[in-house]
Amino acid sequence: MKRPLARLALGYASGLLLAQLFQPPLPVLFTAAFVILILLLILKKYRAWLLLPLLALIGWTNFETRTTVVSTNDLRAIIGHAPTLATVRGQLAEMPRLKISERDGEEIWRSVVRVRVTEMSRNKNFLPALGEVVVTTPGVLGSNFFTGQSVEISGVLAEPPAPLAEGLFDFKNYLAARGIFYQLKTDSTNDWKISEPILASPPLTDRFLNWSQHTLARGLPNEDGPLRLLWAMTLGWRTAFTGDVGDPFLRAGTMHMFAIDGLRIALLSGLIVTFLRMLRLSRAWCGAIALPMIWFYTAATGWESSAVRASVMMTLVLGGWALKRPGDLLNSLAAAALFILVWDPRQLFEASFQLSFFVMLVIALMLPPMNLLFDRLLKHDPLLPDELLSDWKKISLWLARHLLRYGGLSFAAWMGSLPLSAKYFHLFSPISTPANVLAVPLGTAALTANLGALLCGDWLPWFTELFNHAAWFFMVAMTWVSEVATKIPGAYFYVGEPSLTSIVLYYLVVIAIFSGWFKTQWRKNFGAALLVFIGAFYLWHWQSTRDETTLTVLPLNGGHAVLVDADGRKNDWLINCGNENAVKFTLKDFLRAQGVNTIPRLVLTEGDLKNCGGATELDTLFGVNELWTSEEKFRSAAYREAIAHFEKSPSRHHYFHAGETNGFWKILFPAAEIKVAKAGDSPLVLLGNIHGTKILLLSNLSRAGQSALLGSAPDLHADLVIAGLPQQGEPLSDHLLEAIQPRVIVITDSEQPATRRASRALIERLQATKIPVVYTRTAGAVTILARPNGWSLRTMDGQEFSSPTADK
């Protein structure tokens, strides 16, 4: 079957990809598109060849018109890159959402909402302004703030923060993909005012959402976790996923149950159409009634991108069915993608769009041949008439066929999501297919019960409560299945982000295999040769990079950690870990993004809470095989608790001694014969020699400790030095710098608390040495790559340094 819309969608999408690489002026794009359009109209013979370039230019131009600063009133033209105190006026683009986080055992509530800005003031005069901003406010906004309400808000307007390190969630890019380039932070709800014109009541969609939450809670004793998850599943209420609530679903691959996606829309459509067909309505009337109801549900759940995509797809499928037109899933998928990307071209670069369409594409390609295979495997003797089969045989064959098809569907969906799950969630979950075989029916039953409760509402309260209790039970069961599945050994692994090349090659191979491209012998031979070439290339790449060692210096709100990633996990080290909050909210996500599942060796260099306070929590989350410390007895309570925790199994705690070498680390300090007065005078000082690159880790060494180090270590020369800020005084005295003679200095300071920022005096003193200095407060994480032929250093804010290794 020909699929003309697939070619159109591919041509249009190629223009969006070009827009990421090149940004020519809009007049150039309009001119080029107009010229090709004229040629297409004149040269009939070449229309097929000119159509794809024209579509690419249309996509390219559409993307540029959405992202280029055209108006002088654009917020990007007014504000630029510097944060500013401002008051904005505009309308709420959505109903405020609640975000709940936990710190030190307490729930912290914040309101988050998008605002369409129309005016802005940085003094007393309001001037026209255009753009959307995300507003975050501590606390809960009142019920008079709803979609469409005109508001006036004061706070700090700034660009969203960039990620602290590679692999962490990029909030700035996430918002930019939605056309939002600024975030307004307020101190409290007192910074909000309602302005003219004042709306008396929320729009219908907001009222429906509030009514739905109340209805789905009817008859249940309290607002607990399962109820919040039901709100998330049925209404898109994202507040449900507080803290680590979503982790079991992500690890088991069942998180898709909480997106307002195809499953939700298909189930709703099926219920509506089934009910209408029971009333003996024609296909045309079923479509005319069902489609507006689907789009109302999409609007009521906040116009989630996944819901819009699913509704577009269902409109095409259900519309074709209602009009009695033949359907083709791949063609409908291409049509939905083309429609959505014309409406909002930035969606191509959203994770949810990519997951939705690649999963559906792989399902559409893999499922038909898999179903044929299952049918052949379960086919009974063709010479035996069906009438002679026993009833139990017929039932068992029917059950086996449907179970295999259902399992095949889950497996195809897993195959379709495999590289994108690794990219966006850093997860590889072999348990996903069996977990979904159990969890999806339970989730579907919960969703069906919730839809039944909404249909009964206040008119049949007994049935509403019955449906709600059933939905609560099914949600508890689905949660239990996901949690148990993740406890099975080998159920999931955290993996590093795959390269774009690897993702593209994966989908090309899967599409080529299951689309029948390898039908001819020539193509089979070509494909086999190509696969051998790809395998050889990856083998060469692995062999050429296995000698590389990566060190990442991660600032952690006053402390810092250094992750050493060498060849093989057994050679990896984590030096310091930050306090408990740093582990929960930063280090945990960073380590998972690097594909770390266990910590082979943890080093605690000192007793400062900001560097060692999260050791116990880290062991709980990842499991630490070995703890390494000096024999110094720090008085820090956090340090003593960490030592006591690891010494419950004495074989886990090991000691460093000055002068020893462990791996590529030489322990320089503290020497046993040196007596110090304060804890800050005796942190561990390590000198790494990695393929000839020398890296000195000074921790938060005080001035007294620096003097003691100079007297005890004869050779301190290093290419790179990493130093924290001591409690008193400055790091890196002039005498110490003269002994080290580094090529680059890394100072691990932080924005908060203020005492952990590098002072102006320190900055000026180090600047006078003419040695490049990196401050992690502004640069973010620092990544050092040591190779046999030299080293390179890069920071999150774009600084780069490199040098060949002088001696091996």
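Up top is the structure.
Not measured: the values here are computed from a predicted model.

Chemist: What exactly am I supposed to notice about the packing of aromatic side chains here?
Modeler: Any two aromatic rings considered together are summarised by their centre-to-centre distance and by the angle between their planes. Taken as a whole, this structure holds 25 aromatic pairs when the rule is applied. Judged by centre distance (5.3 Å) and plane angle (80°), the ring pair of Phe-145 and Trp-192 falls under edge-to-face. Placement of the pair is Phe-145 in the loop between β4 (127-138) and β5 (150-158) and Trp-192 in strand β7 (residues 192-194), with a sequence separation of 47 residues. Of the residues examined, Trp-192 reaches a relative accessible area of 6% and is grouped as buried. With 6.0 Å between their ring centres and 35° between their planes, Phe-208 and Trp-211 make a pair best called tilted. Separated by three residues within a single helix, Phe-208 and Trp-211 lie in helix α6 (residues 204-216), roughly one turn from each other. With a relative accessible area of 25%, Trp-211 lands in the partly exposed category. Through pairs of rings, three or more aromatic residues link up here, namely Phe-208, Trp-211, Phe-296 and Trp-459. In this structure, Arg-89 packs its charged tip against the face of Phe-126, placed 3.6 Å from the ring centre.

Chemist: Got a minute to help me understand the sheet that holds strand β14 (residues 624-629) in this structure?
Modeler: Adjacent strands of a sheet pair through backbone hydrogen bonds, lying either parallel or antiparallel. Overall, mixed pairing links the nine strands, which are arranged β15-β14-β13-β12-β11-β10-β23-β24-β25 in an open sheet. A strand with exactly one partner marks an edge of an open sheet, and here the two such strands are β15 (653-655) and β25 (800-803). Adjacent strand axes in the sheet meet at a mean angle of 20° when their direction is disregarded. Each of β10 (549-556), β11 (559-565), β12 (573-575) and β13 (599-603) is contacted by helix α19 (residues 580-593), which is oriented at about 160° to β10, the strand it contacts most.

Chemist: What am I meant to see in the environment of Ala-284 here?
Modeler: Topologically, Ala-284 is positioned in helix α10 (residues 283-300). The partly exposed category is assigned to Ala-284, whose relative accessible area is 45%. Along the chain, Ala-284 and Gly-578 lie 294 residues apart, while their C-alpha atoms are 63 Å from each other.

Chemist: Explain the side chain of Ser-482 to me, please; I cannot follow it from the model alone.
Modeler: With respect to the element layout, Ser-482 can be found in helix α16 (residues 461-486). Accessibility expressed as a relative area gives 0% for Ser-482, which makes it buried. Non-local contacts of Ser-482, meaning those with residues more than four positions away in its chain, are made with Pro-248, Phe-249, Ala-252 and Thr-254.

Chemist: Can you help me understand the pattern of salt bridges in this one?
Modeler: When their charged atoms lie close together, side chains carrying opposite charge are able to pair. The final tally for this structure, using the stated rule, is 31 salt bridges. Residue Glu-497 pairs with Lys-423 through a salt bridge whose shortest N-O separation is 2.9 Å. You can see Glu-497 sitting in the loop between β9 (493-494) and α17 (500-514) and its partner Lys-423 sitting in helix α14 (residues 391-424), a full 74 residues away along the chain. Measuring nitrogen to oxygen at the nearest pair gives 3.6 Å for the salt bridge that ties Arg-601 to Glu-626. Of this pair, Arg-601 sits in strand β13 while Glu-626 sits in strand β14, and the two are 25 residues apart along the sequence. One salt-bridge network, held together by shared partners, links Glu-94, Arg-97, Arg-114, Arg-116 and Glu-132.

Chemist: What am I meant to see in unusual backbone geometry here?
Modeler: Trans is the common state for peptide bonds, and a negative phi is the common state for residues other than glycine. In this model, Glu-196 is joined to Pro-197 through a cis peptide bond whose omega is -10°. Along the chain, Pro-197 falls in the loop between β7 and α6. Residue Pro-670 is reached from Phe-669 by a cis peptide bond, and omega for that bond is 5°. By the element assignment, Pro-670 lies in the loop between β17 (665-669) and β18 (685-690). With phi around 65°, Arg-280 is a residue other than glycine that occupies positive phi space. In this fold, Arg-280 is placed in the loop between α9 (262-278) and α10. Residue Arg-280 is classed as exposed on the basis of its relative accessible area, which comes to 77%.

Chemist: How should α10 be read in this particular structure?
Modeler: Along an α-helix, residues three or four apart share an orientation, since each turn contains 3.6 residues. For α10, spanning 18 residues, the distance from its first C-alpha to its last is 26 Å, which sits close to the expected 26 Å at 1.5 Å a residue. Every buried residue of α10 is listed here: Cys-286, Gly-287, Ala-290, Leu-291, Ile-294, Tyr-297, Thr-298, Ala-299 and Ala-300. Following α10 by one or two positions, Gly-302 adopts a phi angle in the positive range, close to 90°.

Chemist: Looking at this structure, how should I read the nonpolar core?
Modeler: Soluble globular proteins tend to bury their nonpolar side chains together. Within the largest apolar cluster, 40 residues are counted, with the highest numbers of intra-cluster contacts made by Met-233, Phe-258, Leu-318, Met-475 and Met-478. Of all elements in the fold, only α6, α7 (225-235), α9, α10, α11 (305-322), α15 (432-456) and α16 reach the threshold of two or more residues within this core. With residues up to four places along the chain from it excluded, the contact list for Leu-318 reads Val-273, Ala-290, Leu-291 and Ile-294. Membership of the second largest hydrophobic core comes to 30 residues, among which are Leu-554, Leu-591, Leu-602 and Tyr-639.

Chemist: Help me understand the sheet that holds strand β21 (residues 744-747) in this model?
Modeler: Read from one edge of the open sheet, seven strands run β16-β17-β18-β19-β20-β21-β22, paired in mixed fashion. Either end of the sheet is taken by a strand with one partner, and the two such strands are β16 (661-662) and β22 (773-775). Sheet topology note: the β21/β22 ladder contains three bridges and is parallel. Directly across from Val-746, in β22, lies its bridge partner Val-774. Strand contacts of helix α23 (residues 703-712): β17, β18 and β19 (693-699), with the helix running at about 115° to β17, the strand carrying the most contacts. In the packing of helix α25 (residues 760-767) onto the sheet, the strands contacted are β21 and β22, and the crossing angle to β22 comes to about 155°.

Chemist: Looking at this structure, how should I read the packing of α14 against α15?
Modeler: Remark: α14 packs on α15, axes separated minimally by 9 Å, with the N-to-C direction vectors making an angle of 120°. Here α14 is positioned oblique relative to α15, judged by the angle of their axes. In this structure, the crossing between α14 and α15 has a hand that is right-handed. Judged by residue contacts, Leu-403, Tyr-406, Gly-407, Ser-410, Phe-411 and Trp-414 of α14 engage Ser-432, Thr-433, Asn-436, Val-437, Val-440 and Pro-441 from α15. Grouping the amino acids of the contact of α14 with α15 by side-chain chemistry returns seven nonpolar, five polar and no charged.

Chemist: Just checking my understanding: could you explain the state of the cysteines for this structure?
Modeler: This model, assessed by the stated rule, comprises zero disulfides. In this structure Cys-612 is not part of a disulfide, and its nearest cysteine sulfur, from Cys-577, lies 6.9 Å away.

Chemist: Please explain a nonpolar patch on the surface as it appears in this structure.
Modeler: A contiguous nonpolar surface patch, about 1,000 Å² in accessible area, is contributed by Phe-34, Val-35, Leu-37, Ile-38, Leu-39, Leu-41, Ile-42, Leu-43, Tyr-46 and Trp-49. In terms of residues, the nonpolar patch owes the most to one element, helix α2 (residues 26-42), which gives seven residues. As for its position among the elements, Leu-39 is in helix α2. Of the residues examined, Leu-39 reaches a relative accessible area of 35% and is grouped as partly exposed.

Reading the values: rules and limits
- Residues numbered from 1 in each chain as written.
- Predicted model: local features only at pLDDT ≥ 70, side-chain atom pairs only at ≥ 80, totals over all residues.
- Heavy atoms only, no water.
- Phe/Tyr/Trp six-rings, centres within 6.5 Å; stacked < 30°, edge-to-face > 60°.
- Helix = DSSP H or I, 4+ residues; strand = E, 2+ residues; numbered from the N terminus.
- Buried < 20%, exposed > 50% of the residue type's maximum accessible area, 1.4 Å probe, protein only.
- Lys NZ or Arg CZ within 6 Å of the ring centre and 35° of its normal.
- Pairing = 2+ DSSP bridges.
- Axes fitted to C-alpha atoms, helices over the stretch in contact; angles between N-to-C directions.
- Contact = heavy atoms within 4.5 Å.
- Salt bridge = Lys/Arg side-chain N within 4 Å of Asp/Glu carboxyl O.
- Expected span 1.5 Å × (residues − 1).
- Core = buried A, V, L, I, M, F, W, Y, C linked by side-chain atoms within 4.5 Å.
- Parallel < 35°, antiparallel > 145°, perpendicular 65-115°, else oblique.
- Left-handed = near helix turned anticlockwise from the far one by under 90°.
- Nonpolar A, V, L, I, M, F, W, Y, C, P; charged D, E, K, R; others polar.
- Disulfide = S-S within 2.5 Å.
- Patch = residues over 30% accessible without salt bridge, like charges linked within 9 Å, V, L, I, M, F, W, Y side chains within 5 Å.
- Areas by Shrake-Rupley, 256 points an atom, 1.4 Å probe, with all protein chains shown as cover.

Purely geometric stuff here, so don't read any function into it on its own.
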